Amino acid sequence: MTRLPTSKPAVASIWGFFALSFAFSWLVWGAILALPLPDDLLLPIIILGAFGPSFAAIYLVQRYGQAAEKRNFWNRVFSFSRIGWVWYLVILLIFPAIYFLGYYIYSFFGGTQPPVASLFSGLDSPSAILTFALIMLFAGPVSEELGWRGYVLDPLQEKYGAVAGSLLLGIFWILWHLPLFFIEGTSQHAKGFSYQFWSWSFQLIMLSFVFTWVYNHTHRSILGAILLHLMANIAYPAGLDLTGEVIFTLLRLIIVLGIVVAWKRRKPIQLTLVSN
């Protein structure tokens, strides 16, 4: 099992982080449900609410962190050199590989893969491409990963280990999203609380394990987590029927089990929590 050393940074407050993240996001998203807002403000406010984890991490690091911890945090956000080329390939290819493998298996049960071009439909102008790129980058990857992986994953692994820490983070990640299921126009609202909810929930659990696995092998790179989150969003299979959801859920389960077995068999990875 991958474990961190016993000395944790002074800024590592697990429950304080979760409290701040949930309070900010749920208050902002709650305003959408409580107030009559113009339609053109909905998307910006939804994205603003998504910044709860990253805003909480930045506040806690800047408010309570030592100078070395602050430098380390921002180095992990912007440094490209922390990620080896092999792990860049993993980051860029793992979720597209799951996407195409899942649809390949799905085809044996009568399912069809949507054309790849449909993923980029409507991107027929430079302004549309720029808007799409900014939304995909900031609505999830940047707004969340400075917090989930950049701040709270280390103390969770230190206290509970990589397996339990990843599972706990995945559960909190699911709970944090819950207000979005009541906001019309979000992908979560479109899923509702049917079987798609449970498939999506297990997707987040699987993501949590994959993110921990990559994070622990990229010198705790927050940039790597941002890029991985971006690729997960781009290569997410949408609009599946029950058979498709079951296939992708089983595929994700195999991946999680593979990661857990690998952790159990390897020697513990010692990570330095404060380093440049």
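Check the entry above for the structure.
Residues numbered from 1 in each chain as written. Predicted model: local features only at pLDDT ≥ 70, side-chain atom pairs only at ≥ 80, totals over all residues. Heavy atoms only, no water.

Novice: Tell me about empty space enclosed by the protein, and name the residues and values.
Specialist: Gaps left between atoms show up when a probe the size of a water molecule is rolled over them. In the structure shown here, the tally under the stated rule is three cavities of 30 Å³ or more. The volume enclosed by the second largest cavity comes to roughly 50 Å³. Within the residue set of the lining of the second largest cavity, elements represented by two or more residues are α5 (85-107), α8 (195-216) and α10 (242-265). With three residues, α5 is the largest single contributor of residues to the lining of the second largest cavity. Here the lining of the second largest cavity is composed, by residue class, of eight nonpolar, one polar and one charged. (1 Å grid on protein atoms, 1.4 Å probe; cavity = no way out; pocket = protein on both sides within 12 Å on 5 of 7 lines; lining within 4 Å. Points joined across faces, edges and corners; volume = space filled by probe spheres on them. Helix = DSSP H or I, 4+ residues; strand = E, 2+ residues; numbered from the N terminus. Nonpolar A, V, L, I, M, F, W, Y, C, P; charged D, E, K, R; others polar.)

Novice: Tell me about the layout of surface pockets, and please be specific about residues and values.
Specialist: Each pocket or cavity is described by its volume, and for the largest pocket that value is around 1100 Å³. Taken together, 40 residues line the largest pocket, and the ones lying closest to its centre are Ala139, Ser187, Gln188, Lys191 and Asn233. When contributions to the lining of the largest pocket are tallied by element, the ones reaching two or more residues are α2 (39-50), α5, α6 (126-177), α7 (187-191), α8 and α9 (222-234). The greatest single-element share of the lining of the largest pocket, amounting to nine residues, is contributed by α6. Here the lining of the largest pocket is composed, by residue class, of 26 nonpolar, 11 polar and three charged.

Novice: Talk me through the pattern of salt bridges; I want residue IDs and the actual numbers.
Specialist: Per the stated rule, a full pass over the model turns up two salt bridges. Across the salt bridge formed by arginine 149 and glutamate 145, the nearest N and O atoms sit 2.8 Å from each other. Of the two residues, arginine 149 and glutamate 145 are both situated in helix α6; the distance of four residues between them amounts to about one turn of the helix. Of the two residues, arginine 149 and glutamate 145, both sit in the buried class. Between arginine 220 and aspartate 154 there is a salt bridge whose closest N-O contact spans 2.7 Å. Highlighted residues: arginine 220 in the loop between α8 and α9 and aspartate 154 in helix α6, separated in sequence by 66 residues. One exposure class covers both arginine 220 and aspartate 154, and it is buried. (Salt bridge = Lys/Arg side-chain N within 4 Å of Asp/Glu carboxyl O. Buried < 20%, exposed > 50% of the residue type's maximum accessible area, 1.4 Å probe, protein only.)

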